[in-house]
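Architecture at a glance
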Amino acid sequence: MAQQKRSDLTFNISKFDNFGAWYEEILQLAEVVDKRTTMKGVYVMPPYGCFMHNATMRAVEDAWVEQDIMHANFPTLIPETLLSAESGHFAGFVPEVFWVTKGGNSDLNPKLALRPTSETIIYSTFANWVQSHRDLPLKVQQTCQVFRCETKDTSPLIRSREILWNEAHCAHATAEESAEQCRGYWVGYKHVFEDILNVTGLYIRRPLWDTFPGADYTDVLDIILPNGKVMQSASTHFLGQGFANLFGVKFSDTEQTPADKQKELIAAQKAAKKAKQQEKKQKKGDKKEGESEPAPAEEEKQEPTEEVVIDHRKAAWMSCAGISTRCVASVICVHGDDNGLVLPTAAAPFQIIIIPILRGKADQDKPVIEFSQTVQQILKKAGIRVRIDDGPGKPGPKFFHWEMKGVPCRIEIGQRDMSQNSVCCVFRDQTKDDKFNIPIADEAGSNAGFIGRIREEFARFDERLHKKAIEFQTSHIEKFLEKEQKGETVTIDEIRKTLGLDTYNPTDKNADKYPRFDLSKPTVFRVPFISVGHDGKEPEAILRAATGLEIRGYDPNEALPAEGVKCIVTGQQATRYVYCARAM
Ligand code: PR8
C-alpha cells in the first residue's frame, strides 16, 4: 500500500454521529484494510491490520490448545457430491456458495465448492478417524479462509465474502460431554474478548428459528456497535448427532477384537434370518382353514441377497465454534474515538511509539536520538513491541499520526528527559495533562523497575478500555427491571417511544424506514416473550414490524419469568426474557 503523506493524516470524524463514514475512513487511513480491490466483499489486509487479526487468532488458537483442540488442516475445495450428502445444513448455505466449475479448460465433474464452512469435509474425515470410544473426544481447529457469497451490503472485516476465521470442531461420546465442550468454547471466547481485547457483549442463545443450519442450539456473542445496532462476533453450535449419523462418525463402546466383532456380526445375521423365518411361519399359522395360500409379495419371493448388518456403533455428538475478523472490527468499533483507533495492548502492532523531541540542530538532536534508541532496545529486550519515529517533521503531526493508529502508549523524549535518565509517557485514552515520567533505570542501573512500571501501566490502560466498554453496553440496554419489580407489564409502545417511532413518519421515500438510534438512550431491550421455540416466530414478526427490532436471543441461565409475567406481544404468560435489537 502506498505510504500516505503525514499531511493527509488528520482524522477527525465523529464516531457516534457518523459511524459508517468513521469506520470506513479509519480502516483505510490506519492501514487496517485496503478496500481498493475490484471485487465486492473481498479486501486486502495490510501488515498493520494483519497483525491485529493474527494476534486475535493466535489468542483463540492458544485458548483451544489449552483445551486440547489441536491444529489440523482441511481442503478449501469440497466436491458437490460430498456437500449434497448433507441436506439440512448445506441447503442453508446453498445461496451463498461459490462454485469452481472448471479445471483449466475442462469442466469439473463433480463441480467443487469453495467451503462456506467446513462441517462436511471435517466430519466425513472424522468418520475415518473415529472407530472406538478410545478415539473420542476428537477435537480439531483450523485458522483459514471460508467463502460466502454474501448478498447483503458487504463491509470490511464485518461482512466479507472471503472470511478469515478460526473454526473448532469436536466429537464427543456423550451429549453431556459435548454440551460441556460448548461451555468450554465460551471460556475461551470470553477470555479472548474480555481479557485480551477488552470488549464485552451479550452472551446469548439464539431462538430456535434462528439457529445455525443443522444445530440443536446456537450460542453467540452480540456486541453493541457505536450506532446502537448489534453484531454477532462469535458463535458456537451444539450439533447433536445429526451430522455424525449422516457422515458415519460412529464408535463402538466395547473393547472388542476384530474377531469378536466378526462373531457378533455373524450371530446377528443368523438371528435376523431366524426371526424372518419365524415371522413367515407365524403368517402361515394365522391363515384361516380353507383359505388358499396368498401369492407371496414380489420382494418375499426373492431370497435376500444382502447380508444383514447390525450396526452396534453409536453416533458421536458434534459441536463447533467460529470466530472471524469481526474480532478486529469489534476492537475498532468499541474502543476507537474521534481521533482514530484505540488499540488494547495485546492487539496493537506497536504497543509503544517513541517520539524524540528534536530541535533541528544535529549536535543537540543526536544524543536524544541515541538515548531514544537505548530506551527502545531496553523495551524490545523485555518483549515489548516498540517503534521509534525519528523521521523528519515536527512532533505535533507525529503525535496525531500515531494517535490515529491507536498505539496504546506514546513515549516522548526530550533533552530534559534524557538528562534525568527518564521518559515521558502518555496513554492513548488520556490527554497531555495525564503525562507522567518514569526513570529508565534505578541507582544500580537495573531496568527492571522501568519495565515493571510499563507493564503495570499497560494493564491499567487495558482495564480502563474494558470498563468503558462495559459502561457503554450497560447504558444501552433497557431491562425494565423497575417495572418487573412493580409487577407492571412492558409494552411495545414504550419501546416505540424510546426509539422515537411514535412520532417518526418518513414521508420522503428515501428516508430510512426507522429513525437513527438516539444514542443517549437504550437501543437494546430485554423483554418477556412467549416462546423461543418455533411458535415464537410469528409474535416476533409482529414485534419486528412495530419496532424494527428482532429477537436476538436469551440468556439460558437466567431465571424464567415468574407466574403472571406477560409476553410483550401476545399478553400471554411469558416463558423467557429475550433481548431485542437491530442487527447491523
Ligand atoms: C459456522 N461452522 O459457520 P457461523 N464476514 C465476517 N465474519 C463472518 C461472516 C462474514 N461474512 N459470516 C459469519 N462471520 C460454524 C462455526 C464452523 C464454525 C463470523 O458458524 O456461520 C460471525 O462472527 O455462525 C459468526 O459468528 C462466525 O463467523 C461463525 O460463523
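Predicted model only: the values in this text are computed from it and were never measured.

On to the packing of helix α2 (residues 47–66) against helix α6 (residues 175–196), then. Direction vectors running N to C along α2 and α6 enclose 145°, while the axes themselves pass 9 Å from each other. Read as a crossing pair, α2 and α6 show a hand that is right-handed. Within the contact between the two elements, α2 uses Ala59, Val60, Ala63 and Trp64 and α6 uses Gly184, Tyr185, Gly188, Tyr189, Val192 and Ile196. By residue class, the composition of the contact of α2 with α6 is 8 nonpolar, 2 polar and no charged.

This part is about the site of the ligand. Around the ligand, the surrounding shell holds 23 residues, and the nearest of these are Glu119, Arg148, Glu150, Gln232 and Ser235. Note that a nitrogen atom of the ligand is positioned 2.9 Å from one of the side-chain N or O atoms of threonine 117. At 2.8 Å, a side-chain N or O of serine 324 approaches a nitrogen atom of the ligand. Protein burial of the ligand: of its 600 Å² of free accessible surface, 95% is covered by the chains. Secondary-structure elements contributing two or more residues to the shell around the ligand are β6 (162–172), β9 (230–240) and β12 (317–324). Top contributing element to the shell around the ligand by residue count: β9, with 5 residues. Considering only residue class, the shell around the ligand consists of 8 nonpolar, 9 polar and 6 charged.

In spatial order, the strands read β1-β5-β6-β12-β9-β8-β7; together these 7 strands make up an open sheet with mixed pairing. Every interior strand has two partners, whereas the edge strands, β1 (70–71) and β7 (202–205), have only one. In this sheet, β12 lies alongside β9 in antiparallel orientation, the contact comprising 6 bridges. Note on β12: the bridge partner recorded for glycine 240 is methionine 318. The sheet contacts of α2 involve β1, β5 (138–147), β6 and β12, and relative to β6 the element is tilted by about 5°. Most of the contacts of α6 go to β9, to which it runs at about 160°, and overall it touches β5, β6, β7, β8 (217–224), β9 and β12.

Summed over the entire model, instances satisfying the criterion amount to 19 aromatic pairs. Ring geometry for tyrosine 123 against phenylalanine 243: centres 5.4 Å apart, planes inclined by 70°, an arrangement best described as edge-to-face. Of this pair, tyrosine 123 sits in helix α5 (residues 119–129) while phenylalanine 243 is found in helix α7 (residues 242–247), placing the two residues 120 residues apart along the sequence. Between tyrosine 217 and phenylalanine 238, the ring centres sit 4.8 Å apart and the planes meet at 5°, which makes this aromatic pair stacked. Of the two residues, tyrosine 217 sits in strand β8 while phenylalanine 238 sits in strand β9, which places them 21 residues apart along the sequence. Residue tyrosine 217 is classed as buried on the basis of its relative accessible area of 19%. Aromatic ring contacts, followed pair by pair, group Trp64, Tyr185, Trp186, Tyr189 and Tyr203 into a single cluster. Lying across the ring of phenylalanine 399, arginine 410 places its NZ or CZ 3.8 Å from the centre. Above the plane of the ring of phenylalanine 517 lies arginine 582, whose end atom (NZ or CZ) is 4.3 Å from the centre.

With that settled, the discussion passes to unusual backbone geometry. Note that the residue after asparagine 109, namely proline 110, is joined by a cis bond; omega there is 0°. Relative to the elements of secondary structure, proline 110 occurs in strand β4 (residues 106–114). Between leucine 136 and the following residue, proline 137, the backbone shows a cis peptide bond with an omega angle of -5°. As for its placement among the helices and strands, proline 137 is situated in the loop between α5 and β5. The residue leucine 157 is not glycine, and still its phi comes out positive at about 70°. Summarising the element assignment, leucine 157 is placed in the loop between β5 and β6. The phi torsion at phenylalanine 480 lies on the positive side, around 55°, for a residue other than glycine. In this structure, phenylalanine 480 sits in the loop between β18 (477–478) and α15 (481–486). Residue class for phenylalanine 480 comes out buried when judged on its relative accessible area of 9%.

This brings us to the confidence of the model for the protein. The predicted model of the protein averages 90 in pLDDT, with 90% of residues at 70 or higher. Scored below 50 in pLDDT, residues 1–8 shows 17 contacts in the model against residues more than four places distant or in partner chains. Across residues 296–300, where pLDDT falls below 50, the model places 3 contacts with residues more than four positions away in sequence or in other chains.

Of all hydrophobic cores here, the largest spans 60 residues; its most connected members are Tyr23, Val32, Trp64, Leu157, Tyr189, Phe193 and Ile332. With 8 residues, the top contributor of residues to this core is α6. Both domains that furnish three or more residues to this core are identified here as domain 1 (9–76 + 130–248 + 316–334) and domain 2 (350–473). In contact with isoleucine 332, other than residues within four places in its own chain, are Trp22, Tyr23, Ile26, Leu27, Val32, Met52, Leu157 and Leu341. Grouped together as the second largest cluster of nonpolar side chains are 29 residues, Phe74, Ile122, Phe251 and Ala316 included.

Buried residues dominate β12, accounting for 8 of its 8 residues. Residues Trp317, Ser319, Ala321 and Ile323 of β12 are buried on one face, and the alternating residues Met318, Cys320, Gly322 and Ser324, pointing to the opposite face, are buried as well. Where β6 and β12 come together, 8 bridges link them in antiparallel fashion. Directly across from tryptophan 165, in β12, lies its bridge partner serine 324.

Taking 1.5 Å of rise per residue, 20 residues should cover 28 Å, and helix α11 (residues 362–381) covers 28 Å from first to last C-alpha, within 8% of that figure. Within the sequence span of α11, burial applies to Asp365, Val368, Ile369, Phe371, Ser372, Val375, Gln376, Ile378 and Leu379. Each element contacted by the buried residues of α11 is listed here: β13 (352–356), β14 (386–388), β15 (409–413), α13 (415–419), β16 (422–427) and α14 (448–475). Note on α11: the residue one or two positions beyond its end, glycine 383, has a positive phi of about 85°.

Residue position: histidine 534 is located in the loop between β19 (524–529) and α17 (537–547). When the C-alpha atoms of histidine 534 and aspartate 210 are compared, they prove to be 9.2 Å apart, with 324 residues separating the residues in sequence.

This next bit is on the packing of α11 against α14. Direction vectors running N to C along α11 and α14 enclose 70°, while the axes themselves pass 10 Å from each other. When the interaxial angle is binned, α11 and α14 end up roughly perpendicular. Residue-level inspection shows Val375, Ile378 and Leu379 of α11 in contact with α14, the latter providing Phe450, Ile451 and Ile454. Of the residues contributing to the contact of α11 with α14, the split by class is 6 nonpolar, no polar and no charged.

Rules used in this analysis
Throughout, residues of each chain are indexed from 1 in the direction in which the sequence is written. Only residues with pLDDT of 70 or above have their local features reported here, since the model is predicted, and side-chain atom pairs are shown and tallied only from 80 upward, although totals for entire chains, interfaces and linings are computed over all residues. As a rule here, side-chain values cover all heavy atoms of the structure and leave hydrogens and water aside. In this analysis an axis means a line fitted to C-alpha atoms, helices contributing only their contacting stretch, and an angle means the value between N-to-C directions, from 0 to 180 degrees. Helical segments are the DSSP runs of H or I of at least four residues, strand segments are the runs of E of at least two, and each set is numbered from the N terminus. It is the rotation of the near helix from the far one that decides the hand of a crossing: anticlockwise by less than a right angle makes it left-handed, clockwise makes it right-handed. We call two residues in contact whenever any of their non-hydrogen atoms come within 4.5 Å of each other. In this count, Pro and Cys sit with the nonpolar residues alongside Ala, Val, Leu, Ile, Met, Phe, Trp and Tyr, while Asp, Glu, Lys and Arg are called charged and the others, Gly among them, polar. Only a single heavy atom is needed: when it lies within 4 Å of a molecule or strand, its residue is near that molecule or strand. Pairs of N or O atoms within 3.5 Å make up the polar contacts considered here, provided that, within protein, one atom can donate a hydrogen while the other can accept it, and that residues adjacent in sequence are counted only when both atoms are side-chain atoms. What sets the accessible areas is the Shrake-Rupley method with a 1.4 Å probe; for residues, cover comes only from the shown protein chains. Only strands joined by at least two bridges in the DSSP assignment are considered to pair. Side-chain rings of Phe, Tyr and Trp (the six-membered ring for Trp) are treated as a pair once their centres are within 6.5 Å; stacked means planes under 30 degrees apart, edge-to-face means over 60, and tilted covers the remaining angles. When a residue's accessible area, from a 1.4 Å probe over protein chains only, is under 20% of the maximum for its type it is buried; when over 50% it is exposed; and in between it is partly exposed. Either the NZ atom of lysine or the CZ atom of arginine qualifies as a charge over a ring when it sits within 6 Å of the ring centre and within 35 degrees of the ring normal. Confidence of the predictor in every single residue is expressed as pLDDT, which spans 0 to 100. Only buried Ala, Val, Leu, Ile, Met, Phe, Trp, Tyr and Cys residues count toward a nonpolar core, and they belong to the same one when joined by side-chain atoms within 4.5 Å. Note that the domain bounds were set by an automatic or database domain assignment. Every helix has an expected span of 1.5 Å times one less than the residues it contains. By definition in this entry, angles of less than 35 degrees are roughly parallel, angles greater than 145 are roughly antiparallel, angles of 65 to 115 are roughly perpendicular, and the rest are oblique.

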